[in-house]
Amino acid sequence: MVLLAKKPTTRTGQLVSAYRRLWRDERVVGLVCVAPALALLSLILVYPLAYSLYQSLLRNNLVDPPTLVGLHNYGLILQDGRFWNSLRVTAIFAFVTFSLQLLIGFSLALLLHEIHWGKGLFRTLIVMPLMLSPIILGLNWRMMLNYDFGLINYLVGLVGIGPVGWTIREATSLPTLIAVEVWHTTGFVMLILSAGLAAMPSEVLEASIVDGASRWQRLFLVIIPLLKPVILVVCLFRSYELIRSFDKVLLLTRGGPGIATESLTYYIYQRMFQGLEIGYSSALSWVMFAISLAISFWLMRSMRLYQETD
């Protein structure tokens, strides 16, 4: 009887010891701690993605009953001239905008790195556009760019130039969008590059000065190579933001004149909410997602290769 009474006690003790060993494992504790967040993330991210992928396989236009068509929507995309135009507009917008932002942001970061008086004030002034809501910013620029009573045309008129249709002419609409985007978010690029310059080892720069390197040689042979990981991070953050740019197109040009500024996101919006083509717009969204994912993977792979060869 004594032995029989001790047996469950021994088994219970073994279970308690096993549980204690399990909870001492940091991986198990970490998994339990992040499990609620993972469940919530799956609910608000994974399920909508899976549902939109399912919708992209349907012919669903809110008029006819949904019909499973497989990859038919993706085949239609390849034959859609407006899709290729929106992809071209998005590529031009993203490439030119990022090039200007990198050039201007890097120049401002170098300038702020060199000066000592008023650095905080200048940095605050440059970053102030980032604090504006995109909706408020778009409405303000829409009023300032107005053909009849806009502030920009008034200032242009002071130097003897007639009114310009900044957002209603095909030749100026896309450059105007690029200029507004550069004005709005260049401060972000400047902040990241300023942080990279501040973290740069001063011994390397001092050694290059001792070796007799000129200012341009220090810039291209020392500073830019050392900032390459930071520049890749800026590319990663700004690339997907520029690819899915939507608010300024909606508020300033609405994709016009014609389809001159119709970005990929605005084209998806039109097919979804004006054409009521849920299946086709879902397929377009997945194409845009695949493009963004490919660019992000390429940039992350470049960062990894740079770290391995450093």
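First, a word on what this report is: a plain description of the structure on this page. (Residues numbered from 1 in each chain as written. Predicted model: local features only at pLDDT ≥ 70, side-chain atom pairs only at ≥ 80, totals over all residues. Heavy atoms only, no water.)

## A word on the side chain of Asn 85
Okay, so step 1: Note on placement: Asn 85 falls in helix α4 (residues 81-114).
Okay, so step 2: When residues no more than four places from it in sequence are discounted, the contact partners of Asn 85 are Ile 259 and Glu 262. (Helix = DSSP H or I, 4+ residues; strand = E, 2+ residues; numbered from the N terminus. Contact = heavy atoms within 4.5 Å.)

## Looking at helix α11 (residues 228-243)
Okay, so step 1: Under the 1.5 Å per step criterion, the end-to-end length of α11 is 22 Å for 16 residues, consistent within 8% with the ideal 22 Å.
Okay, so step 2: Of the residues making up α11, those classed as buried are Ile 231, Leu 232, Val 234, Cys 235, Leu 236, Arg 238, Ser 239, Leu 242 and Ile 243. (Expected span 1.5 Å × (residues − 1). Buried < 20%, exposed > 50% of the residue type's maximum accessible area, 1.4 Å probe, protein only.)

## Digging into the packing of α4 against helix α8 (residues 170-198)
Okay, so step 1: It is the contact of α4 with α8, at a shortest axis distance of 6 Å, that shows an interaxial angle of 40°. By the angle class used here, α4 and α8 are oblique. As α4 packs across α8, the resulting crossing turns out to be right-handed.
Okay, so step 2: Here the contact of α4 with α8 is composed, by residue class, of 21 nonpolar, seven polar and one charged. (Axes fitted to C-alpha atoms, helices over the stretch in contact; angles between N-to-C directions. Parallel < 35°, antiparallel > 145°, perpendicular 65-115°, else oblique. Left-handed = near helix turned anticlockwise from the far one by under 90°. Nonpolar A, V, L, I, M, F, W, Y, C, P; charged D, E, K, R; others polar.)

## Digging into the pattern of salt bridges
Okay, so step 1: Enumeration according to the criterion identifies seven salt bridges in this entry.
Okay, so step 2: Note that Glu 262 and Arg 82 form a salt bridge whose closest N and O atoms lie 2.3 Å from each other. With Glu 262 in the loop between α12 (247-253) and α13 (264-274) and Arg 82 in helix α4, the pair connects residues that are 180 residues apart, well separated along the chain.
Okay, so step 3: Glu 262 gets classed as buried once you look at its relative accessible area, which sits at 2%.
Okay, so step 4: Put simply, Glu 181 and Arg 238 hold a salt bridge, and the shortest N to O gap is 3.0 Å. You can see Glu 181 sitting in helix α8 and its partner Arg 238 sitting in helix α11, a full 57 residues away along the chain. In this pair, the class of Glu 181 matches that of Arg 238, namely buried.
Okay, so step 5: Several salt bridges converge on common partners, so that one network encompasses Glu 181, Arg 238, Asp 247 and Lys 248. (Salt bridge = Lys/Arg side-chain N within 4 Å of Asp/Glu carboxyl O.)

## Some details on the packing of aromatic side chains
Okay, so step 1: Across all of its chains, the model carries eleven aromatic pairs by this definition.
Okay, so step 2: Taking the centre distance of 5.4 Å and the plane angle of 40° together, the rings of Tyr 269 and Phe 273 count as tilted. You can see Tyr 269 and its partner Phe 273 sitting in helix α13, four residues apart, about one turn around the helix.
Okay, so step 3: The structure contains a cluster of three or more aromatic residues connected by ring pairs, namely Phe 246, Tyr 266, Tyr 269 and Phe 273. (Phe/Tyr/Trp six-rings, centres within 6.5 Å; stacked < 30°, edge-to-face > 60°.)

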